[in-house]
Amino acid sequence: MRNILLPVGAILAALLLFGLFVSFAGVDPVEVWLLLFKGAFGDWYSWQNTLQRAAPLMLTALCVAIPARAGLVVIGGEGALVLGGLACAALAQSVALPANAVGTLLVCIAGAVAGALWIALAGWLRQFRGINETISSLLLAYVAIGLFKHLVEGPLRDPASLNKPSTYALDEGMLITGIAGSDVHWGLVIGVVVCLLAGLWLRITPSGFAVQVVGGNPRAAQLVGLPASRLIVIACALGGAAAGLAGAIEVAAVHTSANAALIAGYGYAGILVSFIARHHPIAVIPVAIVFGGFGAAGSLLQRRLGLPDASVLVLQGIAFVLILASEALRDRDWKSFFARFGQFGPSEPVPIVMPTPDAVKGEKS
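These figures come from a predicted structure and were not determined experimentally.

Colleague: Can you lay out the overall build of the protein for me, pointing to particular residues and giving the numbers?
Modeller: Scanning the protein from N- to C-terminus turns up 15 helices and zero strands. Looking at the protein residue by residue over its 365 residues, the buried ones come to 45%. Long-range pairs, those at least 24 residues apart, make up 76% of the contacts in the protein with a sequence separation of at least 6.

Below you can see the structure in the form of structure tokens.
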């Protein structure tokens, strides 16, 4: 109950604070809350936008969740995502691939490998050079984005893309289509399956248990002879592979080529999703859907109320701060906390005992 109530309470508090924030702009908070729900889950069109945004969030959240199980805080999923999308487009552009499901599989594998190598580098720097993985993964993300822009606007650029530099588009046969003709592509199914597989791996396999032992008690892991450094690098590689796969899916299902639209902040939003889900891969699925809905509702807030489309980023930022703050309340002894208030209530009357004459004589003597 504590694992559920604290994140839910933090999200509700974030919505309240967001309502207070927009009220300063002269907007009715109740109307904002209603539009957030309507834009995310109000009809089938809203559901399609929500689920489409939730697909990459699931995979980028795994880029944080899996290393976190090994005791690391990796926040460079955005870099792994853009390099995964770049590797997907670059492979299709440089090698003649079959225009069918095999080609789609190959470009997705290329994206996963690129993301895995990039985040594994942060784990390697942590274990063998003593560099903090949070800082290195964040800085590597900026390096990845710079490398992405250089290649997309330079060596890999399609000459026909004038106003919006991009790579050559993938062959139509390699594109990931929608489910049953809807706008929700099969990347959502891939994201759900990968989350389930990651959860099962951590729960029932010896290697997954070893990763959690390393993250929970590194000294105990050393005493039992676990290869901590190798397990940490593997955990980082698996998380990076998930984020790289997200980039490849975005290219193959949404953008059809690698361009600046791929830098949409999914890697940073995945940090929030993972923390709310307590770094549990299966819990990532519903949380990603909720925050995918918040992102989908941003355009509705802009059309109806004139708020900026990026105003939902303020909501995400408030939620992230409150989620981190709620962690300080997780280990509090709530029973003794509420028991303190009983000490200030009405107490039982203390009987007054009057001294007897004999007792007074005894004291004088």
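Colleague: Would you mind going over the environment of Pro-67 in detail, with residue names and values included?
Modeller: Summarising the element assignment, Pro-67 is placed in helix 3 (residues 44-69). Each C-alpha atom, one on Pro-67 and one on Val-211, is 8.8 Å from the other, the two residues being 144 residues apart in sequence. Leaving out residues up to four positions away in the same chain, Pro-67 has contacts with Leu-62, Leu-72, Val-74, Ala-235, Cys-236 and Gly-239.

Colleague: Please give an account of the layout of surface pockets that cites residues and values.
Modeller: A volume near 830 Å³ is recorded for the largest pocket. Taken together, 27 residues form the lining of the largest pocket, with Ala-264, Gly-265, Tyr-266, Leu-313 and Gln-316 sitting closest to its centre. Breaking the lining of the largest pocket down by element, the ones donating at least two residues are helix 3, helix 10 (228-255), helix 11 (266-276), helix 12 (284-305) and helix 13 (311-326). Within the lining of the largest pocket, the residues separate by chemical class into 15 nonpolar, nine polar and three charged. Roughly 260 Å³ of volume is contained in the second largest pocket. Surrounding the second largest pocket, 14 residues form its lining, Asn-3, Pro-7, Ile-276, Ala-277 and Ala-283 being those nearest its centre.

Criteria and cut-off values
- Note that residues are indexed from 1 along each chain, following the sequence as it is written.
- Reporting in this predicted model follows two pLDDT cut-offs: at least 70 for local features of residues, and 80 or more for side-chain atom pairs to be given and counted; totals over whole chains, interfaces and linings ignore these cut-offs and use all residues.
- By convention in this description, side-chain values take in all heavy atoms of the structure and omit both hydrogens and water.
- Where helices and strands are cited, they refer to DSSP runs of H or I of at least four residues and of E of at least two residues respectively, numbered from the N terminus.
- Categorising residues by exposure relies on relative accessible area from a 1.4 Å probe, with only protein chains included: less than 20% of the type maximum marks a residue as buried, more than 50% marks it as exposed, and the intermediate range marks it as partly exposed.
- Every residue pair with non-hydrogen atoms within 4.5 Å of one another is taken to be in contact.
- Both cavities and pockets are sets of points on a 1 Å grid over the protein atoms alone; in a cavity a 1.4 Å probe fits but cannot get out, in a pocket the set is open with protein on both sides within 12 Å along at least five of seven lines, and lining residues sit with an atom within 4 Å of a point.
- Grid points are joined across faces, edges and corners, and a volume is the space filled by probe spheres set on the points.
- Side-chain classes follow a simple rule in which Ala, Val, Leu, Ile, Met, Phe, Trp, Tyr, Cys and Pro form the nonpolar group, Asp, Glu, Lys and Arg form the charged group, and the remainder, Gly included, forms the polar group.

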